[in-house]
Every structure is written in C-alpha cells, then in structure tokens.
Amino acid sequence: MRRTRVLEALSSTQARDAILVKGWVRTRRDAKGLSFLEINDGSCLKNLQVIVDAATPAAAALDTITTGAAVEVEGALVASPGKNQQWEVHANALQLLGGADPDSYPLQKKRHTDEFLRSIAHLRPRTNKYGALFRIRSEAAFAVHQFFRQRGFHHLHAPIITGSDCEGAGEMFRVTTLPVSPPPGTPERAGAADDFFGKEANLTVSGQLEAELFACSLGNVYTFGPTFRAENSNTPRHAAEFWMIEPEMAFADLQDDMDLGEDLVRGLVNHVLEHCAADLELFARFVDPDLMANLRTIAEESYVRMPYTEAIAVLQRSGKAFQFPVAYGVDLQTEHERYLTEEHCKKPVMVYNYPKEIKSFYMRLNDDGQTVAAMDLLVPRIGELIGGSQREERLGVLERRLGEFDLRPQDYWWYLDIRRFGTAPHAGFGLGFERFLMMVTGVTNIRDVIPFPRTPKHLEF
Ligand code: 4AD
Ligand code: MG
C-alpha cells in the first residue's frame, strides 16, 4: 500500500477504508480501552490522530510506543467526532519502527526554550515551531527561484572557494591543505605557493564579482548560496555561514536596483503569506503578536527612499541618546537603522548615496566625487536586510578606487577586463536570507532560522 502523508490525510475530501501512515509519535494519551496517538510526519504542522482500540490486534504494539517513536499505522480514515480535527485514523495494524526511550528522549511535551533547543539542533525540527520554521525556509527558497525565473533572470552558481576578497574587508576563512604544524625536519613553514592552489584561497564572502561577470554576458543573473564571514561579532544578526541572494542586472542603475529590491522583498513576503499560512500562524500566536500587521505593511505599502545625508539629519534631530554618536561620515549602526525604519518611517526604508569612505571599492562614484551609488534596505526589527549598489563601470575610476583601498589591480585583472571590453552600467544587491526569515517569522536570533548555526566558538553538528 502506498504511504499517505499526514497532510494528504488531513486534507482528504472523503473517508477511506484503508490507508498507510508513517510518522513520529508526538503525544500519547490512554483512556478506557482506547489509546490516542498524535502522529506527525513533517508534511504539515498538524498531527494526525490515530485511535487504537485495545480489542484490536493493533493494541499489541502499544507497550513499546512512547513520545518520539517512529511508527507505521494501517487503518481506516474516518470523519472525527472531535472538534480539533476533521479526520482521524482507526488503526487495524500498528508497528513500531524505532523506539525512543522516554527516560532519555529530550523532547517531552512541555515547551522548551530556544537556547535549549539550539543545543539539540539535530532534534529541534521535530518540534512544532522549528518544523514550521524550516518548512517556511524551504518554501521561501523556492519563491526566490520562482521570482527570478518569472523575470527572465538566469541562476548562476558562483564558486565557494575563491582567490579574491569581494568586500575587501578581509573577514575571510582561509582554505588550505597545508599541515597545521610542519612535520619535523621541515626547514621553514610552507607558504601559499606550496598550498593546494598555489596561492591563497578563501571561502567566498559574496558571489557578487562573479555575478557581475555573468551579468555582463547573460544580462540578468542571480546567485543563491552560502557565504562565509569570519567577523568576530556575536550578535543575534550575524552568522559565520549564511545564505545570500545576489541579483545582478546589466544596463541598470541605482533606481533599477532599488526597484528590484523592493519587488523582491514584497514578492517573497506575499508568497510566504499565501503558501505558509498555517505555519505562519504559529509565529503570529506564540512569537510576535504584531507579525501579521508588519508583514502586511511590508507586502502592501511602498518603501521610503532617503539619501544618506537626510538619514543623518533625521537621526540628529531625533533627540535620541544613541550609543554610537551620529555625524556625517559614520556608518549606520543597528540602533540607527532601527530608529529610521521603526520609529521615523514606520516601514521599510532604502537609504542611498553613502559617503565613499564607508562603502566598498566597487560602488559607482557619484558626480559629487564624495558619495557612491549604494543603497541599503532597512526593515523593522532587523535593520539592514539588503546591501547593494550600482557598480563602477569606468575603468580609470575603478583602478583609482582599488588603489584607495590598498587592493592590487593585478589581483582583479579579470574584474577589470569587464570594464575594458564592452563595459556597461550595471547594478545589483545582496539579500541575507536568514535576516529575511527573521523578518517573516518574528524570530529574533539568527541561530534559530538556519538549520545548523555557525558562530564564533560554536560548531556542533
Ligand atoms: O551588505 P553586504 O556585505 O553586501 C555584499 O556582500 C554585497 N557584495 C552584495 C551585493 O551587492 N551583491 O551583505 C549583504 C546582506 C546584508 O544586507 C545582510 O542582510 C546579509 O547579507 N549579511 C549577513 N547575514 C547574516 N550574517 C552575516 N554575518 C551577514 N553579513 C551580511
Ligand atoms: Mg552591508
């Protein structure tokens, strides 16, 4: 018999004489002559209630069945008289597939803290909250591909091992096969030339540079993959490994870039609202009571656009005692970003045209010679969700900018070639996928929206 998923059983339009269900027991309750098992197989938030009558052969297996056990049930799908569910299963046969010792199984019926569940990240997707979260994550990832495909973007697989530093910030993880300590008798420590690639190699911090090369060939492209940053910042918004979505458009400027960023965020939120209603409701009920109102604002209203100079003026006029003082030329801190989006604009805001000193070498220098065509999208409760820019397409200006950042033009010869041969205006951005998921679920710690978080001094699983 073909296995019926719990989601299919619960959305059935008719009773069925015989179905086969497999899943994990969430709870077990015994009444006179009957046992009630709540079975979940991960296909949806809801459990399927299975009733085992002590008078049937199915009851023989009951002794071994506890919370967390994997079971197989054959029975009839019948309309349920209870008001919590439309359908239930009356078991004819019940088989234990794998037991779970009740004395050591860590997920008992009570509510567990997020901190505790992080320490058992291999089991936390079996809880309602994390099951819902990772179903939403899966659906949102699908929505990313659908969004770009519908707009004619091509998906690019950017390399994970790179020889360049896109952000020029040096926060990279080195990739090496050299021994940690040289074997005895080695005269001197081996250098990069002796290493696997014959030069220094790192895990990528961004697929942008590669995306630019492909945008200047295929037109519109996007990457969606893991990126790595060795920032030693232990905040609820930073992970050492996170996923980023990076679109890049040829023949596009900063306006086009901001338009695309706004469309993408709105499109993804609408997709999740439409396709993850049951899972989202859990977060609205137990995590953030304002979640639905916030998501509707993000999905329906247009976003504020504000030059950096104006953002600084707004912050200075705010009368707030910020921990980091505000002046023209400072990089915006999370407290500033959150004031702008939560209190001043009360909706997402795109800040653009930043001073050139606080942004990356590749951003296009504006005519004022002081600012670059950069933009950040700031959203309530998160701060920066997107960072992007129009790219410097003028060879001479770009070479000068590399020099100002102490980067060697010969390391970027291929990047500069794009400006030598058929250079064209182009623009793109990076959207942090975990920060998007925090926004959509109301979860406040990045460690709780990625299956296995990697942060300073933490690498379990
Ligand atoms: O602003 P960032 O550093 O921009 C870039 O990497 C550009 N190369 C993107 C581009 O133009 N193609 O990072 C982009 C986004 C941030 O806005 C933030 O959402 C997320 O990536 N991000 C992080 N998310 C989690 N943990 C970290 N350590 C992050 N660093 C950046
Ligand atoms: Mg940024």
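To start, this report covers the structure provided alongside it. (Residues numbered from 1 in each chain as written. Chains lettered and ligands numbered in written order. Predicted model: local features only at pLDDT ≥ 70, side-chain atom pairs only at ≥ 80, totals over all residues. Heavy atoms only, no water.)

Some remarks on helix α9 (residues 334–344)
Looking at α9, one finds that the buried residues are H336, E337, Y339, L340 and T341. Elements that come into contact with the buried residues of α9 comprise β12 (304–307), α8 (308–317), β13 (349–355), β14 (371–379) and β15 (383–390). Following α9 by one or two positions, K346 has its phi on the positive side, about 55°. (Buried < 20%, exposed > 50% of the residue type's maximum accessible area, 1.4 Å probe, protein only. Helix = DSSP H or I, 4+ residues; strand = E, 2+ residues; numbered from the N terminus. Contact = heavy atoms within 4.5 Å.)

Considerations on the packing of aromatic side chains
All chains considered together, the criterion is met by 16 aromatic pairs. A centroid spacing of 6.2 Å and a plane angle of 75° characterise the contact between W414 and Y415, whose relative ring orientation is edge-to-face. In this structure Y415 comes out as buried when scored by relative accessible area, which is 0%. Measuring from ring centre to ring centre gives 5.7 Å for F452 and F461, while their planes differ by 40°; the resulting arrangement is tilted. By relative accessible area, F452 is classed as partly exposed at 34%. Grouping aromatic residues by their ring pairs yields a cluster made of F361, Y362, Y412, W414 and Y415. When the ring centre of F36 is taken as reference, the NZ or CZ atom of R29 above it lies at 4.3 Å. Note that R419 overlies the ring of Y415, its terminal NZ or CZ placed 4.1 Å from the centroid. (Phe/Tyr/Trp six-rings, centres within 6.5 Å; stacked < 30°, edge-to-face > 60°. Lys NZ or Arg CZ within 6 Å of the ring centre and 35° of its normal.)

Focus: the nonpolar core
Ranked by size, the top nonpolar core spans 66 residues in total, and within it V265, F436 and M439 carry the most contacts. If one sorts the elements of this core by residue count, helix α3 (residues 128–150) sits on top with eleven residues. Leave out the neighbours within four places in its chain, and F436 touches A140, V265, L268, V269, L385 and L431. (Core = buried A, V, L, I, M, F, W, Y, C linked by side-chain atoms within 4.5 Å.)

Let's talk about the environment of L416
As for its position among the elements, L416 is in helix α11 (residues 413–420). Spatially, the C-alpha atoms of L416 and R394 are 9.3 Å apart, while their sequence positions differ by 22 residues. Leave out the neighbours within four places in its chain, and L416 touches L395, L398, E399, L402 and P409.

Details of the sheet that holds strand β9 (residues 201–203)
Strand order in the open sheet formed by three strands is β7-β9-β8, and the pairing between neighbours is antiparallel. On the outer flanks of this sheet lie β7 (161–162) and β8 (174–175), each paired with one strand and no other. Two strands pair when backbone bridges link them, and β7 and β9 are joined in this way by two bridges, in the antiparallel orientation. Residue pairing in the sheet places T162 in a bridge with N202 of β9. (Pairing = 2+ DSSP bridges.)

Here's the deal with the sheet that holds β13
In space, the eight strands of this open sheet follow the order β6-β10-β11-β16-β15-β14-β13-β12, with mixed pairing throughout. Because the sheet does not close on itself, it has two edges, and the strands there are β6 (154–155) and β12. Summarising the sheet, β13 and β14 pair through six bridges and their orientation is antiparallel. Across the sheet, V349 pairs through a bridge with L378, a residue of β14. Of the strands in this sheet, β6, β10 (220–228), β11 (241–250) and β16 (426–432) are in contact with helix α4 (residues 208–218), which crosses β11 at around 30°. (Axes fitted to C-alpha atoms, helices over the stretch in contact; angles between N-to-C directions.)

Digging into the site of ligand 1
As a structural note, the neighbourhood of ligand 1 is formed by 25 residues, with E167, Q208, R229, E246 and E384 the closest of them. Within the side chain of Q208, one N or O atom sits 2.7 Å away from a nitrogen atom of ligand 1. Backbone polar atom of L385 to an oxygen atom of ligand 1: 2.9 Å apart, as the coordinates give it. At the level of secondary structure, the elements contributing two or more residues to the shell around ligand 1 comprise β11, β15 and β16. Among the elements that take part in the shell around ligand 1, β15 stands out by supplying five residues, more than any other. (Near = heavy atom within 4 Å. Polar contact = N/O pair within 3.5 Å; in protein donor to acceptor, adjacent residues only side chain to side chain.)

So, the state of the cysteines
Working definition of a disulfide: a covalent bond connecting the sulfur atoms of two cysteines. Applying the stated criterion across every chain yields a total of zero disulfides. There is no disulfide at C44, and the cysteine sulfur nearest it, in C276, is 13 Å away. When its relative accessible area of 11% is taken as the criterion, C44 is described as buried. (Disulfide = S-S within 2.5 Å.)

Concerning a nonpolar patch on the surface
Together, I160, I161, F196 and F197 make up an exposed nonpolar region whose accessible area comes to about 410 Å². Along the chain, the position of F196 falls in the loop between β8 and β9. For F196, a relative accessible area of 61% puts it in the exposed group. (Patch = residues over 30% accessible without salt bridge, like charges linked within 9 Å, V, L, I, M, F, W, Y side chains within 5 Å. Areas by Shrake-Rupley, 256 points an atom, 1.4 Å probe, with all protein chains shown as cover. Salt bridge = Lys/Arg side-chain N within 4 Å of Asp/Glu carboxyl O.)

Quick notes on the side chain of T127
If you trace the backbone, T127 turns up in the loop between α2 (114–119) and α3. With a relative accessible area of 15%, T127 lands in the buried category. Here R124 takes part through its backbone oxygen, which lies 2.8 Å from a polar atom of the side chain of T127. What T127 contacts, discounting residues up to four positions off in sequence, is R26, L107 and L117.

Thoughts on helix α6 (residues 277–286)
Think of an α-helix as 3.6 residues a turn; residues three or four steps apart then line up on the same face. Buried within α6 are the following residues: D279, L280, L282, F283 and A284. For α6, the secondary structure elements touched by its buried residues are α3, α5 (254–275), α7 (291–300) and α12 (433–441).

Digging into unusual backbone geometry
The residue K346 is not glycine, and still its phi comes out positive at about 55°. Relative to the assigned elements, K346 resides in the loop between α9 and β13. Given the relative accessible area of 61%, K346 is considered exposed. A positive phi angle, near 75°, is found at R381, a position not held by glycine. In this structure, R381 sits in the loop between β14 and β15.

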